[in-house]
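An overview of the molecular structure
One letter stands for each residue in the lines below.
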Amino acid sequence: MKVMVVGGGGREHALIKEIKKNPRVDHIYAVPGNGGIAKDAECVPISAEDLEGIVEFTRKNQVDFAVVAPDDPLVMGLVDLLKAEGIPCFGPDKKAAIIEGSKAFSKDLMKRYGIPTAEYETFTDMDAALKYVKTCDIPVVVKADGLAKGKGVLICMTREDAVHAVKSMMEDKEFGDSGLTVVIEEFLTGPEVSVLSFTDGKTLIPMISSMDHKRALDGDQGLNTGGMGTVAPNPYYTPEIAEIAEQEIFLPTMLAMNKEGRSFSGCLYFGLMITDKGPKVIEYNCRFGDPETQVVLPLLDSDLFDILEHVANGTLADADVRFAEDEAACCVVYATKGYPGSYGKGFPIEIPDDIDTVYVAGAKLSEDGKLLSNGGRVLGITERGKTLEEAIAKAYASVEKITFDEGFYRHDIGQKALAALK
Ligand code: AMP
Ligand code: GLY
């Protein structure tokens, strides 16, 4: 079978490495992929957001199954277009992807169906939003309604910050049309847990839980990033919390989407905060998380491609989904100095052959086949261990074997989780 994976980051590299293990898969196209993915798939230089270009490509090349991984093409409706071409797809259609594409939609959904989340108000009028932040509790969280490359959430510790956040979105249009509607939300506290799930709209199977590390520097200092590392499982996600989350959040969300005529098929991602009043939804994503996928998939003990097919066929109840619940994984992200601010590109990277699990996020190949950095987050180095401690130690041992002079990484990925275990 020929499988097309849309996207070109570390998450897509992790998906491709797993999909490749299925003996029925004999060719993978990565659209666009990257210089590191090129080792594992045929990269096709079409942007993941060029929907027409992708459809054209599938007309000229045999594609038996498609996996659409990033948020933008999902929210833009790539799955609808591919299905219209008769291609089975893993990923939600446009109607269902709105659960990530519009925070106003997802907040209203949770309110209507009693799914626990932060209190909020939605505004399309800037004066009304400004009036609201003059009296609301502080800190407060201001969110752009639409997709904003992961940057549209502003945690405001003062009233001035909140006023500035509203103006930056609604007046200066810093996030384009995504910020014309804003959600202003109660600030919650507690440990965060990411839970990805497989669902075909009838069955929902949570994957092993994970923990992201969003800040750029050790000790959760520095700016917010797309994620500097992950560990799985997340020790804050106890069996008791998992039971509550499944009954009060996961299944009700699946059923709510069905009732709305927006049945969700694909990977539904729950970003949870474990508050003292129980788990609450911080965000939904309509796709695999990045870099959560880089620790979740290495702990999958059954066949990913079989599961993806079952989801696409609506037969997830028959799938074999097994995770190594008693083991752990750690992913350390190697980023370019300067990230998430400005950074250079084209710096050489050397990865010794004895490191197996390096997911390449932002790199290209030079003309003579050398790997060069080509983004902010460049590599994700994952190791699996019998314990979290072992996974962390192995991941850092691998990181230290890599040469990337212009790179940096956090030294404390997993330490918070280790402390919580003790
Ligand atoms: P998001 O892009 O929605 O994942 O938000 C980015 C980050 O902002 C989350 O991972 C949380 O750390 C934080 N955040 C979002 N909403 C809230 C909230 N209501 N209270 C506290 N922190 C939040
Ligand atoms: N790691 C969070 C996300 O993928 O949105």
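Keep in mind that this is a model prediction, so the values were computed, not measured. By convention here, each chain's residues receive numbers from 1 onward along its written sequence. As they are written, the chains are lettered A onward and the ligands numbered 1 onward, keeping that order. At least 70 in pLDDT is required for a residue's local features to be given in this predicted model, at least 80 for side-chain atom pairs to be given and counted, and no such filter applies to totals for whole chains, interfaces and linings, which use all residues. Each side-chain value is worked out from all heavy atoms of the structure, with water and hydrogens disregarded.

Turning our attention to the sheet that holds strand E1 (residues 2-7). The strands that make up a sheet are held in pairs by hydrogen bonds between backbone atoms, and each pair lies either parallel or antiparallel. Strand order in the open sheet made by the five strands is E3-E2-E1-E4-E5, with parallel pairing throughout. Across the chains shown, the open sheet's two edge strands, defined by having one partner strand only, are strand E3 (42-43) and strand E5 (89-90). Judged from the six bridges that link them, E1 and strand E2 (residues 27-32) form a sheet pairing that is parallel. Opposite Val3, over in E2, you have Ile28 as the bridge partner. Note on contacts: a residue pair is in contact if any heavy atoms of the two residues lie within 4.5 Å. Inter-axis angles, ranging from 0 to 180 degrees, are taken between N-to-C directions of lines fitted to C-alpha atoms, where helices are fitted over the stretch in contact. A run of DSSP states H or I qualifies as a helix once it reaches four residues; a run of E qualifies as a strand once it reaches two. Both are numbered from the N-terminal end. The strands touched by helix H1 (residues 10-19) within the sheet are E1, E2 and strand E4 (65-68), with E1 carrying the most contacts at an inclination of about 165°. Strand pairing requires that DSSP identify at least two bridges connecting the strands.

Only one rule defines a salt bridge in this text: a Lys or Arg side-chain nitrogen within 4 Å of an Asp or Glu carboxyl oxygen. Per the counting criterion, the structure on display carries 28 salt bridges. The closest approach of N and O atoms between Asp212 and Lys214, which form a salt bridge, is 3.7 Å. With relative accessibility at 16%, the residue Asp212 sits in the buried group. Residue Lys401 is joined to Asp354 by a salt bridge in which the shortest nitrogen-to-oxygen separation is 3.1 Å. Of this pair, Lys401 sits in helix H12 (residues 388-401) while Asp354 sits in the loop between strand E18 (328-336) and strand E19 (358-360), placing them 47 residues apart in sequence. Residue exposure (1.4 Å probe, protein chains only): buried if accessible area is under 20% of the type maximum, exposed if over 50%, otherwise partly exposed. On the basis of relative accessible area, Lys401 is assigned to the partly exposed category, the value being 42%.

Let us now look at the state of the cysteines. The term disulfide is used for any two cysteine sulfur atoms that are within 2.5 Å. Enumeration over the complete set of coordinates arrives at zero disulfides. No disulfide involves Cys156; its nearest neighbouring cysteine sulfur is the one of Cys136, lying 8.8 Å away. Residue class for Cys156 comes out buried when judged on its relative accessible area of 2%.

Attention shifts here to the site of ligand 1. Residues in close proximity to ligand 1 total 15 residues, the closest being Glu185, Glu186, Leu188, Glu192 and Glu283. With respect to ligand 1, the side chain of Lys143 contributes an N or O atom lying 3.0 Å from a nitrogen atom. In protein, a polar contact requires one atom able to donate a hydrogen and another able to accept it; more generally it is a pair of N or O atoms within 3.5 Å, and residues adjacent in sequence count only if both atoms are side-chain atoms. Within the backbone of Glu186, a nitrogen or oxygen atom sits 2.9 Å from a nitrogen atom of ligand 1. All residues other than Ala, Val, Leu, Ile, Met, Phe, Trp, Tyr, Cys, Pro, Asp, Glu, Lys and Arg, Gly among them, are scored as polar; the first ten of these are nonpolar and the last four charged. Considering only residue class, the shell around ligand 1 consists of eight nonpolar, no polar and seven charged. For this description, a residue counts as near a given molecule or strand if any of its non-hydrogen atoms is within 4 Å of it.

A word on the packing of helix H6 (residues 103-113) against helix H9 (residues 239-259). Interaxial distance between H6 and H9 falls to 10 Å at its minimum, and their mutual angle equals 105°. Judged on the interaxial angle alone, H9 and H6 are roughly perpendicular. Contacts between H6 and H9 pair Phe105, Leu109 and Tyr113 from the former with Ala256, Met257 and Lys259 from the latter. Each residue belonging to the contact of H6 with H9 can be placed in one class, and the counts come to five nonpolar, no polar and one charged. Small angles under 35 degrees read as roughly parallel and large ones over 145 as roughly antiparallel, with 65 to 115 read as roughly perpendicular and the rest as oblique.

Here the nonpolar core consists of buried residues drawn from Ala, Val, Leu, Ile, Met, Phe, Trp, Tyr and Cys, with membership extended through side-chain atoms lying within 4.5 Å. Core analysis: the biggest nonpolar cluster contains 47 residues, and Met4, Leu82, Ile99, Tyr237, Phe250 and Leu272 have the highest contact counts within it. Among the elements that line this core, the one with the most residues is H9, at eight residues. In this view, Leu272 contacts Pro191, Glu192, Val193, Val195, Tyr237, Ala245, Ile249, Phe250, Lys280, Val281 and Ile282; residues no more than four positions away in its chain are not counted. Judged by nonpolar contacts, the second largest core, of 41 residues, contains Leu15, Val25, Met207 and Ala329.

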